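Observations on the three-dimensional arrangement
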Amino acid sequence: NLAMMHRRLVEATTAGAVLTVFPECTITGYCFESLEQARPVMQAEDGPFTERVVEFCAELNTHTVFGYLESAGEAVFNSLAMAGPQGVVARYRKVHLPHLGIDRFTTPGDRAFEVFDTALCRIGLNICYDCAFPEAARSLALLGGDLIVLSTNWPPTSSTTADVIPNARALENHVYFMAVDRIGTENGFEFIGKSKICHPNGATLAFADHNREEIIYADIDPSVSRKKHLVNVPGVHEAHRVEDRVPTKYGALTKP
């Protein structure tokens, strides 16, 4: 998988990409029947997998987001890291865990949602099932995110999610949203692709509407996502994606 990542990074950066995103559990795989089965491929937060990816980024002068299973003492997290030429610049541990694959045995993410101010733009990270909870993307938008990156392993039952949710999260938060899925099978599990990059207005900028391997590309302008005041007709039809909220009415959202 590391060798595959290097090949795809070379391909993407040669085509002009400055940030390349890979699916959930890029390096380690996802379809395990127990923690014991998965332990041989786990790594610590700054383990050899991460060191190798940082070397790729230094070689190619680029940034990349990739997934892996993280061993942290007794806990095991489904994690993402964002690496650049100088090292790791962002980390995330999956908060929402479905009863599926390795997530049946991992630990829920123990860190608050965070936006990372990079040289590219302000980036927030989510993993797969996180997108089913609008509070996750909303939190990242309120923290100032320009781009929400969702690395995922979507099975066939998530086809509608792949078609609808990235556009909805982009639109409702006025942010760029990138969903990156895998294809093929692993231990009998099938994955559907359908990677997508969405504009803050909810439009699809790029879509891999098939189940073959592909790199999709899009340009991102942070000034667009930061302009939350949307003026359709001045003084007649305007909206503000942040200021029009009514937080005093949302108390039920934070009740256990």
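See the structure printed just above.
Residues numbered from 1 in each chain as written. Predicted model: local features only at pLDDT ≥ 70, side-chain atom pairs only at ≥ 80, totals over all residues. Heavy atoms only, no water.

The full count for this structure, using the stated rule, is one cavity of 30 Å³ or more. Roughly 40 Å³ of internal volume is contained in the largest cavity. As for the largest cavity, its lining consists of Arg 138, Ala 141, Leu 142, Glu 172, Asn 173, Lys 228, Arg 241 and Val 242. At the level of elements, helix H4 (134-142) and helix H5 (159-173) are the ones that each hand at least two residues to the lining of the largest cavity. For the lining of the largest cavity, the leading source of residues is H4, giving three residues. Its residues placed into classes, the lining of the largest cavity shows three nonpolar, one polar and four charged. (1 Å grid on protein atoms, 1.4 Å probe; cavity = no way out; pocket = protein on both sides within 12 Å on 5 of 7 lines; lining within 4 Å. Points joined across faces, edges and corners; volume = space filled by probe spheres on them. Helix = DSSP H or I, 4+ residues; strand = E, 2+ residues; numbered from the N terminus. Nonpolar A, V, L, I, M, F, W, Y, C, P; charged D, E, K, R; others polar.)

With that out of the way, let us pick up the packing of aromatic side chains. For any pair of aromatic rings, geometry is given as the distance between the ring centres together with the angle between the planes. Applying the stated criterion to the full structure yields three aromatic pairs. On the numbers, 6.2 Å between centres and 20° between planes, the contact of Tyr 92 with Phe 113 is stacked. Placement of the pair is Tyr 92 in strand S4 (residues 87-93) and Phe 113 in the loop between S4 and strand S5 (115-117), with a sequence separation of 21 residues. For Phe 113, a relative accessible area of 22% corresponds to the partly exposed category. For the cation-ring pair, Lys 196 lies above Phe 207, with the distance from its terminal atom to the ring centre recorded as 4.6 Å. (Phe/Tyr/Trp six-rings, centres within 6.5 Å; stacked < 30°, edge-to-face > 60°. Buried < 20%, exposed > 50% of the residue type's maximum accessible area, 1.4 Å probe, protein only. Lys NZ or Arg CZ within 6 Å of the ring centre and 35° of its normal.)

Quick look at the nonpolar core now. In this structure, Val 65, Ile 123, Leu 125, Leu 147, Trp 154 and Phe 177 are the most contacted members of the largest nonpolar core, which totals 38 residues. Looking at this core element by element, the count peaks at five residues for strand S8 (residues 176-180). When sequence neighbours within four positions are dropped, the list of residues in contact with Phe 177 reads Cys 131, Leu 147, Ile 148, Leu 150, Pro 166, Arg 169, Ala 170, Lys 196, Ile 197 and Cys 198. Judged by nonpolar contacts, the second largest core, of 13 residues, contains Phe 22, Phe 49, Cys 57 and Tyr 68. (Core = buried A, V, L, I, M, F, W, Y, C linked by side-chain atoms within 4.5 Å. Contact = heavy atoms within 4.5 Å.)

Next up on the list: the layout of surface pockets. Of the voids in this model, the largest pocket is the one considered here, and its volume is about 1,000 Å³. Lining the largest pocket are 44 residues, with Thr 20, Val 21, Phe 22, Val 180 and Ile 215 sitting closest to its centre. Contributing elements (two or more residues each) for the lining of the largest pocket: helix H1 (2-14), strand S1 (19-21), S8 and strand S11 (196-198). With four residues, the single largest contributor to the lining of the largest pocket is H1. Here the lining of the largest pocket is built from residues that sort into 25 nonpolar, eight polar and eleven charged. Taken together, 13 residues line the second largest pocket, and the ones lying closest to its centre are Glu 135, Arg 138, Leu 142, Tyr 250 and Leu 253.

Distances and angles like these do not, on their own, reveal function.
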